Amino acid sequence: MKRSLLAVPLALMFSVAAACAPADDSDNAKASDSTPAASQCAVDQLPLTAKGKLTIGTDDPAFEPWFSDNDPSNAKGFESAVAYAVAEQMGFAKDDVVWTKVPFNTAYQPGKKGFDFDINQVSITEDRKKAVDFSKPYYSANQAIIVMDDSKFADVDSLDDFKAASLGAQIGTTSLKAIESLATQDAPLVYDDTTKAALALTNGQVDGIVADLPTAFYLVAAEIEGAKIAGQFEYAGDEPEEFGLLLQKDSELTPCVDAAVTALTEDGTFADLEQKWLSSSQDVPVLK
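None of these values were measured; they are calculated from a predicted model.

## A word on the state of the cysteines
Here is step 1: Using the criterion set out here, one finds 1 disulfide in the structure.
Here is step 2: The side chain of Cys41 participates in a disulfide bridge whose partner is Cys256; the two sulfur atoms lie 2.0 Å from each other. The sign of the -90° torsion about the S-S bond sets the Cys41-Cys256 disulfide as left-handed. Here the residue Cys41 occupies a position in the loop between helix H1 (26-32) and strand E1 (54-58), and Cys256 occupies one in helix H8 (residues 254-266), the gap between them amounting to 215 residues.
Here is step 3: Judged by its relative accessible area of 4%, Cys256 falls in the buried class.

Have a look at this one:
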């Protein structure tokens, strides 16, 4: 699962589809600190999974607002749009992008990858960097706690108030680690995916669930009737959680992907995509 949030109407989220810690360090510096030569990043010189094609991995289902209609190839939803922007920056036409299904909690495991990069709200963490490469971040955001409207936790204003709550999140996500950081009385409840976590909340099996803020907006608006976002909070040393494109460890492709992400950050493309696809955090209280 993690990002400066920009204001757009919540309704924009419905046209788009979870899981998400903090920033760069020296393990990724070799890719970030040097700019590759243009010739090194020419499409015909790239070490690609399939010749002339850019193979991108993501989970199935691919949730809104990150993707739309569970179809990463339609270029709708924030991460689909980011992926195609990176592809174009690297010199690939839309028809040269190939998508492959990669379960979230297997993408960052060690070993050879069947994709060139993976995009799936994967937070950049120190542990994950030991097994895979990350690009510079393309997005950062807070975590959020979702509760039912009639919950005794619906109007609390402090993280300490949630120590007595039972909280759950998707397996393998930073959201799950964020719950652990709250030191709740009960151990976090773990779910295979965000949909199952949402169902557990609806059925009263858990007091609240934790997800990155944009996913929380979508869940409250479209998936969980009678729910609300109790508040947002920063996880991991008060640093915003950051998502990066994930590559095989020590991939020769990493510098070129990183250069594309840097260019799109600096020219405002990613900020424009945030405005188009993601919701504002202005009305969500910050829990301290």
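## Quick word on the packing of aromatic side chains
Here is step 1: The final tally for this structure, using the stated rule, is 11 aromatic pairs.
Here is step 2: Here the aromatic residues Trp66, Phe78, Tyr138, Tyr139 and Phe243 are joined through ring pairs into a cluster of three or more.
Here is step 3: Here Arg128 stacks its cationic end above the ring of Tyr108, 4.2 Å away from the centre of that ring.

## Thoughts on the environment of Ala187
Here is step 1: Following the sequence through the fold, Ala187 ends up in the loop between helix H5 (174-181) and strand E8 (189-191).
Here is step 2: In the structure, Ala187 is positioned 22 residues away from Ala165 in sequence and 9.8 Å away in space, judged by C-alpha atoms.

## Here's the deal with the sheet that holds strand E9 (residues 208-212)
Here is step 1: Ordered by their spatial adjacency, 5 strands build an open sheet running E8-E7-E9-E6-E10, and the pairing between neighbours is mixed. Two strands close off the open sheet at either side, each with one partner strand: E8 and strand E10 (227-233). Taking each pair of neighbouring strands and ignoring which way they run, the sheet shows an average axis angle of 30°.
Here is step 2: The pairing of strand E7 (residues 167-170) with E8 spans 3 bridges and is parallel. Within the sheet, the bridge partner assigned to Gln170 lies in E8 and is Tyr191.
Here is step 3: With respect to the sheet, H5 is in contact with strand E6 (143-148), E7, E8, E9 and E10, its orientation differing from that of E7 by roughly 155°.
Here is step 4: Strand contacts of helix H7 (residues 213-223): E6, E9 and E10, with the helix running at about 125° to E9, the strand carrying the most contacts.

## Some points on helix H2 (residues 78-90)
Here is step 1: The end-to-end C-alpha separation of H2 is 18 Å, in line with the 18 Å expected for 13 residues at 1.5 Å each.
Here is step 2: Taken as a whole, H2 has its buried residues at Phe78, Glu79, Ser80, Ala81, Val82, Ala83, Tyr84, Ala85, Val86, Ala87 and Met90.
Here is step 3: At the C-terminal side of H2, Gly91 shows a positive phi close to 105°.

About the criteria used
Residues numbered from 1 in each chain as written. Predicted model: local features only at pLDDT ≥ 70, side-chain atom pairs only at ≥ 80, totals over all residues. Heavy atoms only, no water. Disulfide = S-S within 2.5 Å. Helix = DSSP H or I, 4+ residues; strand = E, 2+ residues; numbered from the N terminus. Buried < 20%, exposed > 50% of the residue type's maximum accessible area, 1.4 Å probe, protein only. Phe/Tyr/Trp six-rings, centres within 6.5 Å; stacked < 30°, edge-to-face > 60°. Lys NZ or Arg CZ within 6 Å of the ring centre and 35° of its normal. Pairing = 2+ DSSP bridges. Axes fitted to C-alpha atoms, helices over the stretch in contact; angles between N-to-C directions. Contact = heavy atoms within 4.5 Å. Expected span 1.5 Å × (residues − 1).

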